[in-house]
Amino acid sequence: MFTGIIETVGTIKNVSTKSGVKSLSIQAPEICDDLSLGDSVSVNGVCLTVTERNDSLFKVEVITGTISVTYLENLTVNDQVNLERAMLANGRFGGHFVSGHVDGKGIIKRITKRNDEWLIEINVDESLLNQMIDKGSITVDGVSLTIFKLNQNSFEIHLIPETRLRTIFVNKKQGDSVHIETDLLFKYVQKITNQNNSQLSQEKLLNFGF
């Protein structure tokens, strides 16, 4: 489980593929001293397992099932990635519940700078839009963000300078792919209400403990 608060940006140093499994070696000395074999790390929002490590590099493997719903297959040497270690049970919880199980991909439609913030509009499939609400939480490339506005085929997020500069968003441009994970709690509530063949209401949310 993750929070969507990016700890550092790592750099891809080596890429290889064997028997359909893609291996990524990522340089990230800021977090390697606290990584062990088998630990989970969010790489651009995708939960992956550490298979090797040293003082400055760690290695993860991406299986076919993960490749099919992400853009990790397209990563190459010197590409940068957002990184977050799995949250500690006694740690500070600053974002929202993020599983690292990507629901799909989006495409950046538009990036606009307005005063001291960046507005990013992202095109996504209808199935993903149906799991979003205005002012709800969303994870984009592993970053916990708030949905500013929902459109017919897209949604909008706003980035403050700190978030942009400390993540790979500083290099994102129109047409780039991004990983999307919708709010885990919303999906649980949606499943419960659908099973009960009922409509979501404030009363029902209170009864479910929200």
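In what follows, the accompanying structure is described. (Residues numbered from 1 in each chain as written. Predicted model: local features only at pLDDT ≥ 70, side-chain atom pairs only at ≥ 80, totals over all residues. Heavy atoms only, no water.)

### Some remarks on the overall build of the protein
Broken down by element type, the protein carries six helices and 12 strands. Looking at the protein residue by residue over its 210 residues, the buried ones come to 42%. Within the protein, contacts between residues at least 6 apart in sequence are counted, and of these 66% link residues at least 24 apart. Put simply, the protein shows about 11,300 Å² of open surface, and 46% of that area lies on carbon and sulfur atoms. (Helix = DSSP H or I, 4+ residues; strand = E, 2+ residues; numbered from the N terminus. Buried < 20%, exposed > 50% of the residue type's maximum accessible area, 1.4 Å probe, protein only. Contact = heavy atoms within 4.5 Å. Areas by Shrake-Rupley, 256 points an atom, 1.4 Å probe, with all protein chains shown as cover.)

### Concerning the pairing of strand β7 (residues 104–114)
When β7 meets strand β12 (residues 177–182), the two strands line up antiparallel, connected through four bridges. Within β12, the position partnered with Gly 106 by the bridge is Val 178. Here seven bridges tie β7 to strand β8 (residues 117–123), and the two strands are oriented antiparallel to one another. Of the residues in β8, the one forming a bridge with Arg 110 is Glu 121. (Pairing = 2+ DSSP bridges.)

### Examining the nonpolar core
Of all hydrophobic cores here, the largest spans 23 residues; its most connected members are Ile 26, Phe 58 and Leu 83. Counting only elements with at least two residues in this core, the list comes to β2 (21–27), α1 (29–32), β3 (40–43), β4 (46–53), β5 (57–62) and β6 (80–85). Setting aside its immediate chain neighbours within four residues, Phe 58 contacts Leu 24, Ser 25, Ile 26, Ala 28, Ile 31, Cys 32, Leu 35, Val 41, Val 50, Glu 52, Arg 53 and Leu 83. Among the nonpolar cores identified, the runner-up in size contains 20 residues, and Met 132, Leu 145, Phe 155 and Phe 169 belong to it. (Core = buried A, V, L, I, M, F, W, Y, C linked by side-chain atoms within 4.5 Å.)

### Comments concerning the side chain of Glu 84
Relative to the elements of secondary structure, Glu 84 occurs in strand β6. The side chain of Glu 84 is buried and forms no salt bridge, while Arg 85, the nearest opposite charge, is found at 8.5 Å. Reaching out from Glu 84, the side chain makes a polar contact with the backbone nitrogen of Thr 3 at a distance of 2.8 Å. If near-sequence neighbours (up to four positions away) are discounted, Glu 84 is found in contact with Phe 2, Thr 3, Gly 4, Ile 5, Glu 7, Val 41, Ser 42 and Gly 142. (Lys, Arg positive; Asp, Glu negative; His and termini not counted. Salt bridge = Lys/Arg side-chain N within 4 Å of Asp/Glu carboxyl O. Polar contact = N/O pair within 3.5 Å; in protein donor to acceptor, adjacent residues only side chain to side chain.)

### Digging into the sheet that holds β3
Strand order in the closed barrel formed by six strands is β1-β2-β5-β4-β3-β6, and the pairing between neighbours is antiparallel. For this sheet, the mean inter-axis angle between neighbouring strands, taken without regard to orientation, is 45 degrees. Of the pairings in the sheet, the one linking strand β1 (residues 8–18) to β2 comprises seven bridges and is antiparallel in character. If you follow Ser 16 over to β2, its bridge partner there is Ser 23. (Axes fitted to C-alpha atoms, helices over the stretch in contact; angles between N-to-C directions.)

### Quick notes on the pairing of β5
Alignment of β2 against β5, held across six bridges, turns out to be antiparallel. Paired with Gln 27 across the two strands is Leu 57, which belongs to β5. Pairing of β4 with β5 involves three bridges; the strand directions are antiparallel. Looking at β5, one finds that Arg 53 is bridged to Phe 58. Where β4 folds back onto β5 in an antiparallel hairpin, the turn is made up of three residues.

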